[in-house]
Amino acid sequence: EDPDAELAVVSLPSYACQRHTPLQHHNKGLIGALSILAENAELSENEGRGVAFRRAAALLKSLPQEIGRAGQLRGLPCLGDHSLRVIKEVLEDGGCREVEATKESEQFKAMKALTGIFGVGPKTADRWFREGIHTPSDLQRSGHTLNRAQQAGLQHYDDLNLPVTKAEADAICLIVERAVGEVLPGAEITLIGGFRRGKQTGHDVDFLITHPEEGREEGLMVKVVSWLEAQGLLLYQKTTRNSYLEGKDGPARPPSNMDRFERCFSIFRLSAEQLRRTTHSTTDPSSRVNTDLHTVPPQSALRRSDSSAQMDGQVRVESSVWSQGSGSRSWRAVRLDLVVSPYSQFAFALLGWTGSKLFERELRRWAVHERAMTLSSHTLYDSRQKLYLRAGSEQEIFALLGLEYIPPCGRNA
Ligand code: DCP
Ligand code: MG
C-alpha cells in the first residue's frame with residue numbers, strides 16, 4: 001500500500017456537463033496556473049493541449065473545497081500527468097516554474113496583446129510576432145494593411161480590453177430591446193453568454209433574438225442593425241447570413257461549433273447617459289421618479305448604489321473606464337454579439353450560446369461518445385434512430401441526452 005494513499009475529497013464524473021461548476025470556486029491559485037498554460041497552448045494553436053488544461057481546471061472548479069495536498073486528488077478524473085505535475089508544484093512550492101516562465105515569455109505577452117485586438121486571431125498574431133511586432137503600437141507603426149475589423153479593434157483597443165460590467169450589459173439590453181421592439185413587435189431577446197451564467201463582468205455582451213411565430217425572424221438582423229446604425233450606436237458591425245438552410249451543416253459532416261445563424265459581430269457605442277438611465281431604473285427606483293436626469297452630474301449615476309461602493313467616504317465608480325484621466329468620459333466602446341434563431345431551434349441556440357466554451361464542448365463530446373448523437377446550436381440528431389429530436393427547452397435537451405439538468409449558473413466550466 002502506498003503510504004500517501006488518500007481518498008479523493010469527493011467523487012466526480014468526468015464530463016463537465018455531468019457536474020455543477022459554479023462561478024465561485026475554492027482553488028483559485030491552481031486554476032490560475034492551469035489557465036495560463038491552457039491560454040498559452042490555445043495561442044500556440046495546440047488545441048488538444050489547451051483542452052486538457054481546461055478540463056483539469058474545470059474539474060478543480062467543481063470541487064467543494066480547497067485542495068491542500070495532491071493526494072486528495074487521487075481517483076479524480078480529468079487530471080493528466082502534466083496538469084498533476086503543475087498542481088503538485090504549486091501546492092508544494094507555492095508556484096510553478098513553467099507557469100512563471102510562460103507569463104514572462106515575450107512570445108506569450110505579445111500573442112496576448114495582439115490577439116487582444118478585435119479581429120486578430122492566433123495565426124495573424126504569430127505572423128506579426130515573427131516580424132518583430134509585439135504590441136498594438138508596434139502594429140500601428142508597422143504600416144500593415146488592416147481589415148475593417150482590425151482597424152476598429154486597434155482604434156478601440158483600450159475600451160475593448162476593459163471588462164464589461166453587468167450594469168453596462170443591462171444598459172445595452174434596454175437599447176437592443178427597444179430596437180427589436182421597433183422593427184418586429186413580439187420578438188423576444190435573451191441575454192446569453194457569460195452574463196446568463198451569472199458572471200458580473202465579461203469581454204462582450206451576447207444576445208439571442210427570436211420570434212414565437214416561426215419565419216417572422218427572417219431578415220430581422222438586418223433591420224435591427226439598421227435601426228442601431230441609424231441611431232449612431234454602432235462603431236463597427238459585420239452581419240453574416242444564416243447559411244444553415246443551405247445544407248452545409250447536416251449530420252453527415254463532422255460536428256462543428258461554428259453555427260450558422262444570422263449573426264452580427266459589432267462594437268457598440270455606450271454613452272454615460274444610457275448607462276445612467278439604466279442604473280437608475282434598475283438599482284435605484286426612487287431616483288427614476290424624482291430625479292431630472294439632465295441635472296444629475298455625469299458621474300453620480302455611475303456610482304454603485306450598494307453599500308460596497310462606500311469605502312472611507314470614497315465612492316468607487318462602476319467601471320474605471322468611465323473615470324479615466326481628469327474628467328469622466330461620455331461614452332465607451334463595448335463588444336456586442338447578436339444572434340437570431342428560428343423559434344423551433346431556440347432551445348438549442350440558447351443552450352449552445354450560454355457556454356461556457358468548455359461546457360459546450362463537453363456536451364457535444366458526451367452526445368457523440370455516450371449517446372451516438374450530434375448536438376449543435378440548431379438541432380440534436382440521433383444517429384441510431386436516424387432522426388432529429390425536437391426540444392422546446394434546455395431541460396428537454398438535457399433529458400434527451402440522458403443528463404441531469406444543469407442550470408446556467410452551474411455551467412461555468
Ligand atoms: N460559443 C461557443 N463556441 C464559439 C463561440 C461561442 O461555444 N466558438 C458559445 C459559448 C460561449 C458563448 O457562445 O459561452 C458566448 O461566447 P463568448 O466568447 O462571449 O463567451 P462568454 O460569454 O462565455 O465569455 P465572456 O464573459 O468573456 O464574454
Ligand atoms: Mg460573452
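The structure displayed is predicted, hence computed values, not measured ones. (Residues numbered from 1 in each chain as written. Chains lettered and ligands numbered in written order. Predicted model: local features only at pLDDT ≥ 70, side-chain atom pairs only at ≥ 80, totals over all residues. Heavy atoms only, no water.)

1. So, the packing of helix α2 (residues 47-61) against helix α16 (residues 357-371)
Inclusion rule: Structural elements are reduced to axes, namely lines fitted to C-alpha atoms, with helices fitted over the stretch in contact, and the angle between N-to-C directions of any two is expressed from 0 to 180 degrees. Numbered from the N terminus, helices here are DSSP runs of H or I no shorter than four residues, and strands are runs of E no shorter than two. Put simply, angles under 35 degrees are roughly parallel, angles over 145 are roughly antiparallel, angles from 65 to 115 are roughly perpendicular, and the rest are oblique. Whether two residues are in contact is decided by their heavy atoms: any pair within 4.5 Å suffices. Throughout this entry, Asp, Glu, Lys and Arg are counted as charged residues, while Ala, Val, Leu, Ile, Met, Phe, Trp, Tyr, Cys and Pro are counted as nonpolar. The remaining residues, Gly among them, count as polar.
Two elements in contact, α2 and α16, have axes separated by 11 Å at closest approach and are oriented at 100°. Taken together, α2 and α16 sit at an angle that is classed as roughly perpendicular. For the pair α2 and α16, the contacting residues are E47, V51, R54, R55 and A58 in the first and L358, R361, E362 and R365 in the second. Residue composition of the contact of α2 with α16, grouped by class: three nonpolar, no polar and six charged.

2. Remarks on the site of ligand 1
Put simply, the rule reads: Throughout this document, a residue counts as near a molecule or strand when at least one of its heavy atoms sits within 4 Å of that molecule or strand. Polar contacts, as used here, are pairs of N or O atoms within 3.5 Å; protein pairs need one atom able to donate a hydrogen and one able to accept it. Residues neighboring in sequence count only if both atoms are side-chain atoms. Under the convention used here, a 1.4 Å probe and the Shrake-Rupley method define accessible areas, while residue burial counts only the protein chains that appear. Throughout, the edges of the domains are those of an automatic or database domain assignment.
By nearness alone, 15 residues border ligand 1, and G194, K199, H203, D204 and K357 come closest of all. Take R197: an N or O atom from its side chain is 2.9 Å from an oxygen atom of ligand 1. With the chains in place, 83% of the 560 Å² that ligand 1 exposes on its own is no longer accessible. Among the elements of the structure, α11 (193-196), α15 (346-354) and α16 are those that each provide at least two residues to the shell around ligand 1. If one sorts the elements of the shell around ligand 1 by residue count, α15 sits on top with three residues. Its residues assigned to classes, the shell around ligand 1 shows one nonpolar, eight polar and six charged. Split by domain, the residues of the shell around ligand 1 number at least three in each of domain 3 (163-344) and domain 4 (345-410).

3. Re the pairing of strand β6 (residues 262-271)
Quick reminder of the rule: The classification of residues rests on relative accessible area computed with a 1.4 Å probe and restricted to protein chains. Under 20% of the type maximum is buried, over 50% is exposed, and intermediate values are partly exposed. Whether two strands pair depends on DSSP finding at least two bridges between them.
Of all the ten residues making up β6, eight are buried; the element is thus mostly covered by neighbouring parts of the structure. Looking at chain direction, β6 and strand β9 (residues 331-340) are connected through ten bridges and run antiparallel. Looking at β9, one finds that R269 is bridged to A333.

4. Some words on the environment of L375
Residue position: L375 is located in strand β10 (residues 373-375). Of the residues examined, L375 reaches a relative accessible area of 6% and is grouped as buried. Taking the C-alpha atoms as reference points, L375 and R364, separated by eleven residues in sequence, lie 5.5 Å from one another. When neighbours within four sequence positions are excluded, L375 is seen to be in contact with F348, L363, R364, A367, L380, I397 and L401.

5. Comments concerning the confidence of the model for the protein
For the record, the criterion: Each residue carries a pLDDT value, the predictor's own confidence for that position, ranging from 0 to 100.
Within the protein, residue pLDDT values average 88, and 83% of them lie at 70 or more. Here residues 246-258 is a poorly scored stretch, pLDDT under 50, and it has 14 contacts once near neighbours within four places are set aside; other chains count. A low-confidence stretch, residues 284-317 (pLDDT under 50), is modelled with 39 contacts involving residues beyond four sequence positions or located in other chains.

6. Notes on the pattern of salt bridges
Condition: Salt bridges, as used here, are contacts in which a Lys or Arg side-chain nitrogen is within 4 Å of a carboxyl oxygen on Asp or Glu.
Taken as a whole, this structure holds 23 salt bridges when the rule is applied. The partner of E394 in a salt bridge is R196, and the shortest N-O contact between them spans 2.9 Å. Of this pair, E394 sits in helix α17 (residues 394-400) while R196 sits in helix α11, placing them 198 residues apart in sequence. On the basis of relative accessibility, which here comes to 3%, the residue E394 falls in the buried class.

7. Regarding the packing of helix α4 (residues 97-104) against helix α5 (residues 106-115)
Axis separation between α4 and α5 bottoms out at 5 Å; the angle between their running directions is 55°. Taken together, α4 and α5 sit at an angle that is classed as oblique. Side by side, α4 and α5 meet where T102, K103 and E104 of the first sit next to E106, F108 and K109 of the second. Residue composition of the contact of α4 with α5, grouped by class: one nonpolar, one polar and four charged.

8. Brief notes about the nonpolar core
This is how the line gets drawn: Throughout, nonpolar core names a set of buried Ala, Val, Leu, Ile, Met, Phe, Trp, Tyr and Cys residues whose side chains join them through atoms within 4.5 Å.
Ranked by internal contacts, the top residues of the largest apolar core, which has 38 residues, are I172, V205, F207, L228, F268 and L338. Those elements that place two or more of their residues in this core are α10 (166-183), β2 (188-192), β4 (205-210), α12 (220-230), β6, α13 (272-283) and β9. The dominant element in this core, judged by the number of residues it contributes, is α10, at nine residues. Filtering out sequence-adjacent residues up to four positions away, L338 remains in contact with V176, F207, I209, M221, V224, L228, E262, R263 and C264. Counting residues in hydrophobic clusters, the runner-up holds 37 residues, among them V86, I87, A113 and Y157.

9. What about the packing of aromatic side chains?
Note the cut-off: Note on aromatic contacts: the rings of Phe and Tyr and the six-membered ring of Trp form a pair at centre separations within 6.5 Å, being stacked when their planes are under 30 degrees apart, edge-to-face when over 60 apart, and tilted otherwise.
All told, the structure shown has five aromatic pairs when counted by the stated rule. Taking the centre distance of 6.5 Å and the plane angle of 50° together, the rings of F359 and F398 count as tilted. Here F398 lies in helix α17 and F359 lies in helix α16, a separation of 39 residues in the sequence. This pair shows no difference in class: F359 is buried, exactly as F398 is. Aromatic rings pair up to connect F359, F398 and Y405 into one cluster.

10. A closer look at the sheet that holds β6
With mixed pairing, five strands are arranged side by side in an open sheet as β2-β4-β9-β6-β5. The open sheet terminates on both sides in strands that have one partner only, identified here as β2 and β5 (234-240). Mean inter-strand twist for the sheet, computed between neighbouring axes without regard to direction, equals 25°. Contacts from α10 reach β2, β4, β6 and β9, with the element oriented near 25° to β4. Against the sheet, α15 touches β2, β4, β6 and β9, its axis set at about 25° to β2.

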